[in-house]
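Close look at the chain arrangement
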Amino acid sequence: MFHLIFSLPCLYVVTRVLWPLPGPPAAKAAVAVLLLVASQYHLWCRLSSGSVFAPEFPRWLVVLFNGAFGAILLLAGMQMALDAAALVAWPFGGWAIPAACRDGAAALALLLSALAVRQAVRLPPLLDVEVRIANLPDAFDGYTLLQLTDLHISRLFPAPWTEQVVARSNRLGVDLVVITGDLIDGALASRRADVAPLARLGAPDGVWIVPGNHEYFFDYPAWMRHDAELGMRVLANRHTVLRRGDAALVLAGVTDRSAPQTGHPGPDLDAALAGAPPGAPIILLDHQPKGARAAAARGVALQLSGHTHGGMIAGFDRLFARANGGFVSGRYAVGGMILYVNNGTGLWPGFALRLGRPSELTRITLRRGDDAADPAPTR
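Here's a quick rundown of the structure.

Here is what the cut-offs are and how they apply
- Residues numbered from 1 in each chain as written.
- Predicted model: local features only at pLDDT ≥ 70, side-chain atom pairs only at ≥ 80, totals over all residues.
- Heavy atoms only, no water.
- Helix = DSSP H or I, 4+ residues; strand = E, 2+ residues; numbered from the N terminus.
- Buried < 20%, exposed > 50% of the residue type's maximum accessible area, 1.4 Å probe, protein only.
- Contact = heavy atoms within 4.5 Å.
- Areas by Shrake-Rupley, 256 points an atom, 1.4 Å probe, with all protein chains shown as cover.
- Lys, Arg positive; Asp, Glu negative; His and termini not counted.
- Charge placed at Lys NZ, Arg CZ, Asp CG, Glu CD.
- Polar contact = N/O pair within 3.5 Å; in protein donor to acceptor, adjacent residues only side chain to side chain.
- Core = buried A, V, L, I, M, F, W, Y, C linked by side-chain atoms within 4.5 Å.
- Salt bridge = Lys/Arg side-chain N within 4 Å of Asp/Glu carboxyl O.
- Pairing = 2+ DSSP bridges.
- Disulfide = S-S within 2.5 Å.
- Axes fitted to C-alpha atoms, helices over the stretch in contact; angles between N-to-C directions.

1. Some thoughts on the overall build of the chain
Across its full length, the chain holds 11 helices and 12 strands. In terms of overall dimensions, the chain has C-alpha extents of about 80 × 50 × 40 Å along its principal axes. When the 379 residues of the chain are sorted by exposure, 53% land in the buried category. Contacts spanning at least 24 positions in sequence make up 75% of the contacts within the chain whose residues lie at least 6 apart. Only carbon and sulfur atoms are counted for the fraction: they give 63% of the accessible area of the chain, which is about 15800 Å². Charge separation in the chain, taken as the distance between the mean sites of 32 positive and 28 negative side-chain charges, equals 6 Å.

2. Thoughts on the side chain of H42
Position of H42 relative to the elements: it lies in helix 3 (residues 41–49). A polar atom in the side chain of H42 sits 2.8 Å from the backbone oxygen of G350.

3. A short note on the nonpolar core
One finds L148, I179, L183 and L198 to be the most contacted residues of the largest nonpolar core, which totals 51 residues. Ranked by size, the runner-up nonpolar core spans 26 residues in total, among them L136, L285, A301 and I338.

4. Comments concerning the side chain of H152
Among the secondary structure elements, H152 is positioned in the loop between strand 2 (144–148) and helix 6 (159–171). The residues contacting H152, other than those within four sequence positions of it, are F157, D182, L183, I184, D185, H214, H309, L347, W348 and P349.

5. Here's the deal with unusual backbone geometry
Even without being a glycine, D219 presents a positive backbone phi close to 55°. Mapped onto the secondary structure, D219 falls in the loop between strand 4 (207–210) and helix 8 (220–229). The class for D219 is partly exposed, based on a relative accessible area of 49%. A positive phi angle, close to 60°, is found at H309, a residue other than glycine. Relative to the assigned elements, H309 resides in the loop between strand 9 (302–305) and helix 11 (317–322). Exposure remark for H309: the relative accessible area of 7% places this residue in the buried category.

6. Focus: the pattern of salt bridges
Summed over all chains, the structure comprises 12 salt bridges. Linked by salt bridges that have partners in common, E56, R155, R191 and D194 make up one network.

7. Structural notes on the sheet that holds strand 12 (residues 361–368)
Ordered in space as 1-12-2-3-4-5, the 6 strands form an open sheet in which the pairing is mixed. The outermost strands of the open sheet, each flanked by one partner alone, are strand 1 (126–133) and strand 5 (233–234).

8. Some details on the state of the cysteines
Taken as a whole and judged by the stated rule, the model has 0 disulfides. Take C10: it sits in no disulfide, and the sulfur closest to it among the cysteines is that of C45, at 16 Å. Looking at C10, the relative accessible area reads 1%, which means it is buried.

9. Remarks on helix 8
Looking only at helix 8, the buried set comprises Y220, A222, W223, M224, H226 and D227. As for helix 8, its buried residues are in contact with helix 7 (188–195), strand 4 and strand 5. Immediately downstream of helix 8, the backbone of G231 shows phi near 95°, a positive value.

10. Re the sheet that holds strand 6 (residues 238–244)
Read from one edge of the open sheet, 6 strands run 6-7-8-9-11-10, paired in mixed fashion. The sheet is open, and its two borders are formed by strand 6 and strand 10 (330–334), each paired with just one other strand. Strand-to-strand, the axes of this sheet are offset by a mean angle of 20°, without reference to chain direction. Pairing of strand 8 (residues 282–285) with strand 9, which is carried by 3 bridges, proceeds in the parallel orientation. Each residue of the ladder has a partner; that of L285, found in strand 9, is L304.

Printed below as a string of structure tokens:
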């Protein structure tokens, strides 16, 4: 059913855009077959690795598939808009869609898709975010942390890309690095070399990670052990205490909401905060943002999440928000807590398109004060 659904936009493009074009039927049939092959990208992913989430093709082919797949979806949407306009005009004498409109839509879809893939696969730019916490100890005023999330290290984001992310991250000189899930796409045997550069990622207060939903698709226990071997410390329903003299800051993390589907413990905020020093501000790492209201009710000061990829394409964010408690990109005030939803460092290779929702390396600076005065993020 999954693959059938993605064939429908292709069939729409073939019948409404390709077939009305002038030219030999054999040539149009050949193009139709190529479009159908591109529309079944996720089927080829499944056949290559056993999972739609881990295409095991050469990187250039993953990029090409995403570009073609994106062009089909964008062109189908544009053609639907043209057909809707023609339908509205029908009672008033009708409107024949000019060939130039179809040609222009096809060219625009190809251009936008190429741009979207380029935006998706680039090295993410730095985004600076300042967060004010009312009860932040003076010793932590100006404390910096780097949030990475949704790297989706894969054939699309292989070792050279990971090396560049690590190098840029280390140059920032932050106090702490946190990774809020979906680090990988693929089995450990396939990704071992691609994640190896993460062993060089470092900060004075360490590198801490929580699992995302994708970790549970690929032998979760093996990946958690390997993350630890690379020097990353896993916060799975537990916390650590960061100290500056007598001052304390709690860093807590929970597992992903999808964990019970694979027989692993789901998120347990009570367990994560058990034994935390009273009165210390709490930073919570939770891959999915939809639990933010519950976290705010438990006294969390700042929640860092990912998962949504920022909606990937401007206009799609409303759809993603509906599935994520209304949260999709950027800063939100939730009760007395600040939620920051990161657009993602990388992107799922099965839909690697970004338009108006850029990736980010997110440097967060903590300040003591009223969160209502938080400035806008700066790129």
